[in-house]
Every structure is written in C-alpha cells, then in structure tokens.
Amino acid sequence: MQFALSEERALLKDAVDRFVKARYGAGQRRDYRAAAGGYSLENWRGLAELGILGLMFPVDHAGYGGGPGDLTAVMEALGGGYVVEPVLEEVILAGGVLARAGNAAQKAQWLPRIAAGEVHLALAHFEHSARYDLADVRVRAEPVDGRWVLRGHKSVVPLAATADSWVVTAREHGACDDPRGIGFFLVPPQARGIERQDFCLADGTPASSIRFQGTVALERLPGNFADFERAVDFARLAAGAEMVGIMSTLFDATVDYLRSRRQFGAPLASFQALQHRLADMYVQLEQSRSQVCRAALFIEDGNDAGQSVAGMKSYVGRAAIAMGEGCVHLHGGIGMSDDLVVGHGFKRLLVLAHLFGDPDSELSRFARLRMRRTADAAVPA
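All residue numbers here refer to positions counted from 1 along the written sequence of the relevant chain. Where local features are concerned, this predicted model is filtered to residues with pLDDT of at least 70; where side-chain atom pairs are given and counted, the filter is 80 or more; whole-chain, interface and lining totals use all residues. Each side-chain value is derived from all of the structure's non-hydrogen atoms; neither hydrogens nor water enter the calculation.

Engineer: So what's going on with the overall build of the protein chain? Residues and values would help.
Structural biologist: Strands are runs of DSSP state E lasting at least 2 residues, helices are runs of H or I lasting at least 4, and numbering of each runs from the N terminus. A count of helical and extended segments in the protein chain gives 11 helices and 10 strands. Projected onto its principal axes, the C-alpha coordinates of the protein chain cover approximately 80 × 60 × 40 Å. With 381 residues in all, the protein chain has 54% of them scored as buried. The contacts in the protein chain between residues at least 6 apart in sequence include a share of 73% that link residues at least 24 apart. Charge counting follows a simple rule: Lys and Arg are positive, Asp and Glu are negative, and His as well as the terminal groups are ignored. For charged residues, the charge sits on one atom: NZ in Lys, CZ in Arg, CG in Asp, CD in Glu. Here the protein chain carries 41 positive and 45 negative side-chain charges, and the mean point of each set is 3 Å from the other. Exposure is judged per residue with a 1.4 Å probe applied to protein chains only, and the accessible area is read against the type maximum: over 50% gives exposed, under 20% gives buried, and values in between give partly exposed. Throughout, a residue-residue contact means that at least one pair of heavy atoms, one from each residue, lies within 4.5 Å.

Pasting the structure below:
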C-alpha cells in the first residue's frame, strides 16, 4: 500500500526540507550543538516563521490546528536533516501537555508565545524508579497556605537549563502508581528550593537532574492524567517519525559510502553479502514508515491511539537501533567518530527509541492494551 502525502502535507514537508538544506550543511550541526543552549536560536526563530512551532496548537491560540499526518511529515523531514532544535521535547511534548492540561488563561498566556519562538518550556516527568511507567510519580505536591509545595527528584529533564518554565508532574495523593493522584504544575526555574545538575544525553541534548526541596509552584494545570497520556502518545508518534527520517538518511549515506569505497578492485556495493544487508535495511526502513503512517491514521480516524502507537514505537525503535548498528558497522570505526553524521544519527536513534518506553516495554504495553480491548469487547452491552 502506498502512503502518499496529500498536496498540503507534501508542500509542508518540502518547506521543511528546504529549511534543513539551507541551514544544515557540512559541519553546521556540530556548531549548533556546541552553542550555549545546545541548538541555534536563529534556527528556532526560522522554524517559528515557518509555522512549525505552532503546527499542533489550536487555531484560537495562534496555532495551525495540525493533525497527526502533518506532525509525522514535519518530524520525518526534521529527522532526515539531523536537526538539533528541540521541536519534539519543547513543543510537541511540553507544549502539548500544556495545550491539553492547561486552562483557557494558561493557554492564552503560553501557546502563542511558544508558537512565536519567544518562550521555552520543559517537561519534568522522568523519575529513576519509574522506568517507563507514566503513572509512577513520586515527587510530592502538598497544599500549604493556598499554594502547592513540591518535594522530590526528577532524574532527566531535557532542555531544563534554557527553559522559561517547567511543567512538573507531581503526586497530590494516592499510591505511587495511581494515575488519579497526579497533578501538573508550572514551576519557574529560578524558584527557591531547586537543586539542578546539568549533563548531556547520548545524542548531545542538554538535560538536567532536578531536586525540589520545598519549591513553591507558580500555577497548577487543571488537566488530568488522560490529557497527559494523550500528549505523550503524540510525542511517541513524533519520535517514530523522526526515527524514520534519520533511518532514511543513514541508509542513503551508507549506500553512497559502499559505492565509493573500493576493495579488491571493486566497489563494496557490488559484493552480494553487503547487498543482502542493504536489502534487509531497506525493508526495515519501509516497514517502519508504514508503522508510523498506520499509527497516524488510527489517531486521525478517532480510534484509541494507545495500542497502535505502542506497536509502532516498539517496532520502529527496534528497527532503528538495528539499522543504526548496521550502518555504523558498514562504515567501520569512522562511523562513530564526529567526522561523519552517521554516528550522530545513531546516537539520536538510541535516545528516541527509549523515549517513554524502549522496544520491549512498548511491546508489553501493546499486549496489555490489546488484551484489555479484547476483554472489553467480550463484555455484553
């Protein structure tokens, strides 16, 4: 089956492709990553001018009301260029949580400014003990004199150091894995009682470990855990599309390398054993693209996205890691050096494949959701 883009989405993807081609030449990616915030603010403003930062926000909040198909087209194009600007982390994830869990005043205050590239959000959710269980939140939020006071530790907060505000998940009541007791809070990075340690993820993305010691939240978002799950599923979909874009570029770079590198007087690409490996990689790439398209179509049709997104994330994550390892292997040791973008792409694939669930945990989530859906269908109306 052919998953051809509509005319509008093809034009959108072409615009992003032109942006990437103009700004991501040889060596520029390394320069952007070496900047103070880990990416180029000029490129960030350029993405805002293209409408990418507001693509998924509601039209009445300066957004474009884009759908899953628009998201996957854009993220695949950004992935194909190894773009380091944190569209996924800041806009799709942190901005998506606020767009779903915030009230009208909070959305009006933040979303237009995010879409314009004027402010930055970071999501503080990951905790070491939780692994990939979204509902396992142990940072506590206690009401004190009409304010919410946070205590606890978030182990990985991407882009925390350069954010204007953090969206923090914290437990208001209940057991440590009860989703009904989780609240969402806006916390300014300069608030008292915050201990932050900065580091970088495998792909060079800046991140922080944050400890809250009686920190007072600025505001509480009124949304519930279902809003959060929905935002995370869109982030998983975006991660899958970005992985497909990276895989496509990795594959093309590997084919070009094998055509140019000669051994025993012939190009490496002429060796049958290597041709078989390339054929297997191509199948992995196209099946991954089909999985992403299928998940996006399920969401667009109004179906329960959880199961389809879990299956997509498991398959694409496993295929992406396998392809990344294969491409690096075929390049040899230079494939992991900073001299080639192959290593950079593989490192990004590792991060994305483990975002909100590695291939094994996502496969388990897919099985649980499938069994639950089967059980619900068996109950007589």
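Once you've had a look at it, read on.
Engineer: Describe the pairing of strand β1 (residues 121-124), naming the residues involved and giving the relevant values.
Structural biologist: Residue alternation in β1 divides its side chains into two sets, Leu121 and Leu123 and Ala122 and Ala124, and both sets are buried. One requirement defines pairing of two strands: DSSP has to find at least two bridges between them. Here four bridges tie β1 to strand β4 (residues 165-171), and the two strands are oriented parallel to one another. Among the inter-strand pairings, Ala122 is bridged to a residue of β4, identified as Trp166.

Engineer: So, the packing of aromatic side chains: which residues are in play, and what are the values?
Structural biologist: Only the six-membered ring of Trp is used, alongside the rings of Phe and Tyr, when aromatic pairs are assigned; centres must lie within 6.5 Å, and planes under 30 degrees apart are stacked while those over 60 apart are edge-to-face, with the rest tilted. The final tally for this structure, using the stated rule, is eight aromatic pairs. With a centroid separation of 4.9 Å and an interplanar angle of 40°, the aromatic rings of Phe126 and Phe356 are classed as tilted. Taken together, the residues Phe126 in the loop between β1 and β2 (140-144) and Phe356 in the loop between α10 (341-353) and α11 (359-378) connect sequence positions 230 residues apart. For the residue pair Phe126 and Phe356, the accessibility class agrees, reading buried in each case. On the basis of an interplanar angle of 50° and a centroid distance of 6.0 Å, the ring pair of Phe225 and Phe228 is categorised as tilted. Here Phe225 pairs with Phe228, and both are found in helix α7 (residues 225-260), just three residues apart, close to one helical turn. Here Phe225 and Phe228 have matching classes, each one buried. An aromatic cluster is defined as three or more aromatic residues linked by ring pairs; in this entry it consists of Phe184, Phe225 and Phe228. Criterion for a charge above a ring: Lys NZ or Arg CZ within 6 Å of the ring centre, and within 35 degrees of the ring normal. The ring of Phe234 carries Arg100 above its face, with NZ or CZ at 4.6 Å from the centroid. Here the basic side chain of Arg113 rests over the ring of Trp110, its NZ or CZ set 5.6 Å away from the ring centre.

Engineer: Residues and numbers for α10, please.
Structural biologist: Relative to the 18 Å expected for 13 residues at 1.5 Å per residue, α10 spans 18 Å between its end C-alpha atoms, a close match to the ideal helical length. In terms of residue burial, α10 counts as a mostly covered element, since 10 of its 13 residues are buried. Burial in α10 covers these residues: Val342, Gly343, His344, Gly345, Phe346, Arg348, Leu349, Val351, Leu352 and Ala353. Against α2 (28-33), α5 (87-101), α7, α9 (305-331) and α11 lie the buried residues of α10. Given the number of residues in a helix, its expected span is that number minus one, multiplied by 1.5 Å.

Engineer: Could you give an account of the pairing of strand β6 (residues 194-200), with specific residues and numbers?
Structural biologist: For a regular strand, the rule is simple: side chains alternate between the two faces of the sheet. Relative to strand β7 (residues 206-216), β6 runs antiparallel, the two sharing seven bridges. Bridged to Phe199 within β7 is Ala207. Counting the residues in the hairpin turn of β6 and β7 gives five residues, including Gly204, whose phi is positive at 95°.

Engineer: Go over the side chain of Ser208 with me, naming the residues and quoting the values.
Structural biologist: Take Ser208: it is sitting in strand β7. For Ser208, the side chain forms a polar contact with the side chain of Asp198, separated by 2.6 Å. Every residue in contact with Ser208, bar those within four places of it in the chain, is listed here: Lys154, Ser155, Val156, Val157, Ala160, Ala161, Arg196, Gln197, Asp198 and Phe199. What qualifies as a polar contact is a pair of N or O atoms within 3.5 Å, subject to a donor-acceptor requirement within protein and to the restriction that residues adjacent in sequence count only when both atoms come from side chains.

Engineer: Which residues make up the nonpolar core, and what values do they have?
Structural biologist: If you look at the biggest cluster of nonpolar residues, it comprises 96 residues, and the most contacted ones within it are Leu78, Val87 and Leu88. Counting residues per element, this core draws most heavily on α7, which supplies 19 residues. Look past the residues within four positions of Leu88 in its chain and what remains in contact with it is Met75, Leu93, Ala235, Ala238, Ala239, Glu242, Arg348, Leu352 and Leu355. Among the nonpolar cores identified, the runner-up in size contains 16 residues, and Ala122, Ala141, Leu150 and Phe212 belong to it. Only buried residues count toward a nonpolar core. Its members are Ala, Val, Leu, Ile, Met, Phe, Trp, Tyr and Cys residues joined through side-chain atoms within 4.5 Å.

Engineer: Give me the lowdown on the pattern of salt bridges, citing residues and values where you can.
Structural biologist: Basic side-chain nitrogens of Lys or Arg form a salt bridge, by our definition, when they fall within 4 Å of a carboxyl oxygen of Asp or Glu. Following the criterion strictly, the structure yields 19 salt bridges and no others. The partner of Lys13 in a salt bridge is Asp17, with the nearest N and O atoms 3.4 Å apart. One end of the pair, Lys13, and the other, Asp17, are both in helix α1 (residues 7-23), four residues apart, so they sit about a helical turn from each other. Among the residues examined, Asp17 registers a relative accessible area of 30% and is labelled partly exposed. One salt bridge connects Arg220 with Glu172, and the closest N-O pair in it is separated by 2.6 Å. Taken together, the residues Arg220 in strand β8 (residues 219-221) and Glu172 in the loop between β4 and β5 (182-187) connect sequence positions 48 residues apart.

Engineer: Can you lay out unusual backbone geometry for me, pointing to particular residues and giving the numbers?
Structural biologist: For Leu159, which is not a glycine, the phi torsion comes out positive at approximately 60°. Look at Leu159 and you get buried, because its relative accessible area is 3%. With a phi angle near 55°, Phe356 is a residue other than glycine that sits in the positive phi range. Accessibility expressed as a relative area gives 2% for Phe356, which makes it buried.

Engineer: I'd like to hear about the environment of Phe212, residue by residue, with values.
Structural biologist: Locating Phe212 in the fold gives a position in strand β7. Phe212 gets classed as buried once you look at its relative accessible area, which sits at 2%. Distance in space between the C-alpha atoms of Phe212 and Ala170 is 11 Å, their sequence separation being 42 residues. Leave out the neighbours within four places in its chain, and Phe212 touches Val139, Leu150, Arg151, Gly152, Lys154, Trp166, Val168, Val187, Gly193 and Ile194.

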